[in-house]
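# Overview (structure and organization)
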Amino acid sequence: MSERREAVKYIIRGARILGGEAADVLVREGVIAEVGSGLDAAGAQVVDAEGLVALPGLVDLHTHLREPGREDAETVESGTRAAAMGGYTAVHAMANTEPVADTAGVVEQVWRLGREAGYCDVQPVGAVTRGIAGEQLAELGAMADSAARVRVFSDDGHCVSDAVIMRRALEYVKAFGGVVAQHAQEPRLTEGAQMNEGEMSAALGLRGWPAVAEEAIIARDVLLAQHVGSRLHVCHVSTAGSVEILRWAKSKGCPVTAEVTPHHLLLNDARAGTYDPIFKVNPPLRTADDVTALRHALADGTIDCVATDHAPHPVEAKETEWAVAAMGMIGLETALPVVQEAMVETGLLDWAGVADRMSAAPARIGRLSGQGRPLETGSPANITLYDPSPRGTVDPTAMTSKSRNTPFAGLELPGRVVATFLRGKPTVLEGKLQ
């Protein structure tokens with residue numbers, strides 16, 4: 001970014017900060033210079049934010065950008081453009097690329113691609129094991145010391161199912177304040193599984209994916225984290241039983257955090273009744289009771305944050321029969337509207353709560369010191385302006401992501417992102433990429 005562009009000033013006029021009273025925000029040289037009423041500054045560009053909610057720029061702990069290797073589904077540039085349109089100023093790029101992000105060289109490549117694109121900060125996630133094969137630890141220390149400064153490690157898409165390797169990983173990352181983000185799925189219990197195990201899977205004749213496959217790994221890992229005294233993060237929690245284990249672990253002081261996806265907050269396994277593979281995902285959509293438990297756990301802090309698990313796929317990978325279709329859904333551009341629908345409209349969270357679960361908490365877990373900061377004087381000007389009032393039908397063809405596999409196609413959702421600022425630079429204005 002040029003020095004001249006850095007010096008551009010903006011006055012965001014009349015925004016409701018965290019949904020509260022209207023205020024003006026003066027942005028100068030990449031930071032919030034002042035917050036108050038009736039602000040003015042010579043030469044500043046005015047952004048009319050009357051009626052808009054101002055949130056700290058959103059942070060995603062769980063994004064699949066697919067590059068390197070699967071650029072047919074997504075690239076760092078296309079994925080971060082979608083992130084900006086969704087109000088995100090930082091995303092964590094998962095390691096299951098081709099080649100796997102298990103060396104300093106690969107994570108630095110992803111990090112540099114993010115810097116070149118410029119739409120949001122891209123923080124690479126390093127693999128826990130080489131080739132995410134679950135057999136030998138990856139170069140954790142080298143990735144931590146690299147230019148990318150990796151602090152989150154995950155074999156997401158695969159579970160670190162070997163307890164000895166999981167313990168070693170927890171011990172290793174403790175030295176530099178890292179966190180192991182576990183994809184909780186006991187592989188022996190999910191061989192050939194297609195959807196949530198229950199009444200719906202029996203009716204459809206699809207092999208079931210039992211809740212205990214997730215819960216057993218979480219139970220084991222919280223005990224390991226407690227024993228080692230190292231940080232554990234649980235990816236995409238999906239069952240009521242998992243919530244109870246996490247609640248117990250936190251009551252015992254275990255250093256564990258957890259995330260829930262937007263699709264697990266809104267959709268349940270009844271969606272699979274049409275055999276439409278758009279609803280095939282890992283972990284699977286669960287029951288309506290699980291959805292209720294997840295919402296309440298996010299509200300009370302048992303689950304710390306919302307993470308999209310944005311998983312783009314090319315058309316041919318999803319428009320096929322259920323058994324061979326790829327698992328995964330895109331979610332960056334619909335996350336905030338879904339959270340509004342599931343959590344704000346139901347009274348479970350206010351906008352301050354949304355800011356915590358979608359910005360402050362994920363930034364804290366991912367050790368991103370410049371993200372998730374309060375909208376106050378001196379903070380980096382990472383800002384999302386959101387209009388909660390309109391409702392509209394989700395149109396996949398209007399999305400910025402390179403892929404179109406959204407489970408919300410045709411659903412009516414509230415709200416839209418009007419503007420996104422990354423350190424004072426607008427990446428989105430008036431709902432359009434800049």
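Residues numbered from 1 in each chain as written. Predicted model: local features only at pLDDT ≥ 70, side-chain atom pairs only at ≥ 80, totals over all residues. Heavy atoms only, no water.

Attention shifts here to the pairing of strand E17 (residues 412-422). Counted residue by residue, E17 has 9 buried out of 11 residues, so it is predominantly covered. Strand direction decides the pairing type here: strand E16 (residues 383-393) and E17, joined by 8 bridges, are antiparallel. Each bridged residue has a counterpart across the sheet, and for aspartate 387 the counterpart in E17 is arginine 416. Where E17 and strand E18 (residues 425-429) come together, 3 bridges link them in antiparallel fashion. Paired with phenylalanine 421 across the bridge in E18 is proline 426. Where E17 hands over to E18, the hairpin turn is made up of 2 residues, of which arginine 423 adopts a positive phi near 45 degrees. (Buried < 20%, exposed > 50% of the residue type's maximum accessible area, 1.4 Å probe, protein only. Helix = DSSP H or I, 4+ residues; strand = E, 2+ residues; numbered from the N terminus. Pairing = 2+ DSSP bridges.)

This part takes up helix H2 (residues 76-85). For H2, a buried count of 7 out of 10 residues is recorded, marking the element as mostly surrounded by other parts of the structure. Taken together, the buried positions of H2 are occupied by Val76, Ser78, Gly79, Thr80, Ala82, Ala83 and Ala84. Considering only its buried residues, H2 is in contact with strand E7 (88-93), helix H3 (104-117), strand E8 (121-124), E17, E18 and strand E19 (432-433). Backbone geometry just after H2 places glycine 87 at a positive phi near 95 degrees. (Contact = heavy atoms within 4.5 Å.)

Contact pair helix H7 (residues 211-228) / helix H8 (residues 240-251): the axes reach a minimum separation of 9 Å and the direction vectors enclose 10 degrees. Between H7 and H8, the crossing angle belongs to the class labelled roughly parallel. Contacts between H7 and H8 pair Glu214, Glu215, Ile218, Ala219, Val222 and Leu223 from the former with Gly241, Ser242, Ile245, Leu246, Trp248 and Ala249 from the latter. Looking at the contact of H7 with H8 residue by residue, the class counts come to 8 nonpolar, 2 polar and 2 charged. (Axes fitted to C-alpha atoms, helices over the stretch in contact; angles between N-to-C directions. Parallel < 35°, antiparallel > 145°, perpendicular 65-115°, else oblique. Nonpolar A, V, L, I, M, F, W, Y, C, P; charged D, E, K, R; others polar.)

Strand pairing in a sheet relies on backbone hydrogen bonds. The paired strands run either parallel or antiparallel. Here we have 3 strands laid out as an open sheet, ordered E6-E7-E8, and parallel in their pairing. One side of each edge strand has no neighbouring strand; the edge strands of this open sheet are strand E6 (58-63) and E8. The mean angle between the axes of side-by-side strands here comes to 20 degrees, regardless of whether they run parallel or antiparallel. Where E7 and E8 come together, 4 bridges link them in parallel fashion. The residue of E8 that forms the bridge with histidine 92 is glutamine 123.

With parallel pairing, 5 strands are arranged side by side in an open sheet as E9-E10-E13-E14-E15. Strand pairing shows two members of the sheet lacking a second neighbour, strand E9 (152-153) and strand E15 (305-306), which therefore form its edges. The strands touched by H7 within the sheet are strand E10 (179-182), strand E13 (231-234) and strand E14 (256-260), with E13 carrying the most contacts at an inclination of about 165 degrees.

To continue, consider the confidence of the model for the chain. Considering every residue of the chain, the mean pLDDT works out to 97; 98% of them sit at 70 or more. Mean pLDDT across the secondary structure elements of the chain bottoms out at helix H1 (residues 3-6), with 42, and peaks at E14, with 99. Long-range and interchain partners of residues 1-6, a stretch whose pLDDT sits below 50, account for 6 contacts in this model, where long-range means more than four residues apart. (pLDDT = per-residue confidence, 0-100.)

Take unusual backbone geometry next. Proline 68 follows glutamate 67 through a cis peptide bond whose omega is 10 degrees. Across the junction of glutamate 98 and proline 99, the peptide omega takes the value 5 degrees, indicating a cis bond. Within the fold, proline 99 resides in the loop between E7 and H3. In this structure, glutamate 29 is a non-glycine residue whose phi angle is positive, near 50 degrees. Assignment of secondary structure puts glutamate 29 in the loop between strand E2 (22-28) and strand E3 (31-36). A positive phi angle, near 50 degrees, is found at arginine 149, a position not held by glycine. Note on placement: arginine 149 falls in the loop between helix H4 (140-145) and E9. Under the relative-accessibility criterion, arginine 149 is labelled partly exposed at 44%.

Following the criterion strictly, the structure yields 14 salt bridges and no others. A salt bridge links arginine 188 to glutamate 191; the shortest N-O distance between them is 4.0 Å. Taking relative accessible area as the criterion, glutamate 191 reaches 51% and is therefore assigned exposed. Between glutamate 214 and arginine 286 there is a salt bridge, and its shortest N-O distance comes to 3.9 Å. You can see glutamate 214 sitting in helix H7 and its partner arginine 286 sitting in the loop between helix H9 (262-266) and helix H10 (288-300), a full 72 residues away along the chain. Arginine 286 carries the same exposure label as glutamate 214, and that label is buried. When salt bridges that share partners are traced, they join Glu244, Arg247 and Asp300 into one network. (Salt bridge = Lys/Arg side-chain N within 4 Å of Asp/Glu carboxyl O.)

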